[in-house]
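Listed below are the residues making up each chain.
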Amino acid sequence: MNMKLKTLIPALAASLIALAASPVHATGYPDKPITIVVPFPAGSTSDMIPRLLGPLMSKSLGVPVVVENRGGANGSIGAMRVASSAPDGYTLLMATTGVLAINQWIYEKPTYFPEKDFAPIVNAASTPNMIVVNPSVKASTLKELVALAKAEPGKLSFASAGNGSTSHICGEALKVLEGVDIVHIPYQGPAPALQDVLGDRVSMICDNLSNVVQQVRGGTLKPIVVTAKTPSPQLPDVPASPQAGSPDLEAGIWYGFVAPAATPKEIVEKLNKAFVDALRDPQVTSRLESLGLTVIADKPDAFKAFIAQESARMQNIVKQSRARIP
């Protein structure tokens with residue numbers, strides 16, 4: 001055996017071993033159902049988006065795309081379900097602002113770390129939050145709401161989708177910025193929180209606009225302020241925070257999709273294309289925009305950079321509000 005052959009054989013063997021040990025590749029992917037885990041109960045926007053996209057993705061990928069609700073701990077339970085799954089592209093997570101940018105800062109003992117445990121796929125859409133009150137609350141503007149809260153400290157209450165949700169952070173920011181005492185009542189997801197506001201068991205909620213726009217249009221909830229820099233095109237008569245006199249009161253939510261860390265790049269890219277194509281379907285875009293959502297449909301690298309930016313911003317907000325969960 002010549003010297004060149006002696007050198008090539010070990011190198012070839014090492015390459016074969018490395019290939020065998022490498023993660024699953026996209027060849028033949030997908031060949032079985034894909035599960036999208038929604039870390040919140042059914043009935044919210046985070047549940048609606050994947051159910052809207054699923055049929056189109058199933059058609060383009062050639063396999064069923066199913067939705068699994070796994071709520072609890074502001075999305076942490078569902079997030080851990082996906083973080084601990086095989087990085088093969090068959091278990092994905094619908095991930096909101098709270099899941100990817102808030103939980104690691106608000107929980108004293110976080111159970112996962114977004115930048116380490118997930119591979120970003122796409123940021124699907126975003127929407128601002130809006131403070132709405134039960135019609136029984138004797139306030140129609142932010143100034144009137146603040147005056148009422150100051151006149152009766154601790155009497156008013158605000159619901160949230162759970163500790164660490166954007167509705168929680170928004171309420172805490174309102175308390176800090178306006179110096180009011182309003183009682184926080186957390187729920188297991190936005191749907192039950194909203195039901196108790198509608199039922200006049202809780203005074204208000206600062207929920208994402210897409211969750212409350214229909215109730216505002218129907219008159220069952222009274223709008224106070226859109227917590228953004230500019231009004232929403234869906235409700236142009238509702239003032240944004242600067243117009244309402246509280247320019248720093250800013251809260252919103254974005255909805256993205258991630259896979260377990262170490263999912264092969266080619267699988268992530270294939271999933272990104274399927275999500276983007278579904279999001280850009282005219283009927284899907286029209287439906288989302290009618291609910292106050294803005295379609296984003298970006299690339300994995302752009303979403304990764306956005307998560308890092310938002311995480312830093314939320315770390316600062318959580319620190320200022322002193323909101324912590326044991």
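Keep in mind the model is a prediction, meaning the values are calculated, not measured.

Student: Could you give an account of the state of the cysteines, with specific residues and numbers?
Tutor: Throughout the structure, instances matching the rule amount to 1 disulfide. A disulfide bridge connects Cys170 with Cys206, and the sulfur atoms are separated by 2.0 Å. What sets the handedness of the Cys170 and Cys206 disulfide is the S-S torsion sign, and at about 70 degrees it is right-handed. Of this pair, Cys170 sits in helix α7 (residues 166-178) while Cys206 is found in strand β7 (residues 204-208), placing the two residues 36 residues apart along the sequence. A single burial state applies to Cys170 and to Cys206, both of which are buried.

Student: Provide a residue-level description of the side chain of Thr96, including the pertinent values.
Tutor: Here Thr96 shows up in strand β3 (residues 91-96). Every residue in contact with Thr96, bar those within four places of it in the chain, is listed here: Phe40, Ser46, Ile253, Trp254 and Tyr255.

Student: Could you give an account of the environment of Pro114, naming the residues involved and the relevant values?
Tutor: Along the chain, Pro114 turns up in helix α5 (residues 114-117). Sequence-wise, Pro114 and Ala83 are 31 residues apart; in three dimensions their C-alpha atoms are separated by 8.9 Å. The residues contacting Pro114, other than those within four sequence positions of it, are Val99, Leu100 and Gln104.

Student: Describe the packing of aromatic side chains, with residues and values.
Tutor: Considering all chains together, one arrives at 5 aromatic pairs under this definition. Each ring, one from Trp254 and one from Phe306, has its centre 5.2 Å from the other, and the planes form 70 degrees; the classification is edge-to-face. A residue pair is termed long-range when its members are at least 10 positions apart, and Trp254 in strand β9 (residues 252-260) and Phe306 in helix α13 (residues 300-321) qualify at 52 residues. Taking the relative accessible area as the measure of exposure, Trp254 reaches 4% and is therefore buried.

Student: Residue-level account of the pattern of salt bridges, with values.
Tutor: Enumeration over the complete set of coordinates arrives at 10 salt bridges. We note a salt bridge from Asp47 to Arg51, for which the minimum N-O separation is 2.9 Å. With Asp47 and Arg51 both in helix α2 (residues 45-61) and 4 residues apart, the pair spans about one turn of that helix. Classification of Asp47 by relative accessible area gives buried; the value is 7%.

Rules and cut-offs
Residues numbered from 1 in each chain as written. Predicted model: local features only at pLDDT ≥ 70, side-chain atom pairs only at ≥ 80, totals over all residues. Heavy atoms only, no water. Disulfide = S-S within 2.5 Å. Helix = DSSP H or I, 4+ residues; strand = E, 2+ residues; numbered from the N terminus. Buried < 20%, exposed > 50% of the residue type's maximum accessible area, 1.4 Å probe, protein only. Contact = heavy atoms within 4.5 Å. Phe/Tyr/Trp six-rings, centres within 6.5 Å; stacked < 30°, edge-to-face > 60°. Salt bridge = Lys/Arg side-chain N within 4 Å of Asp/Glu carboxyl O.

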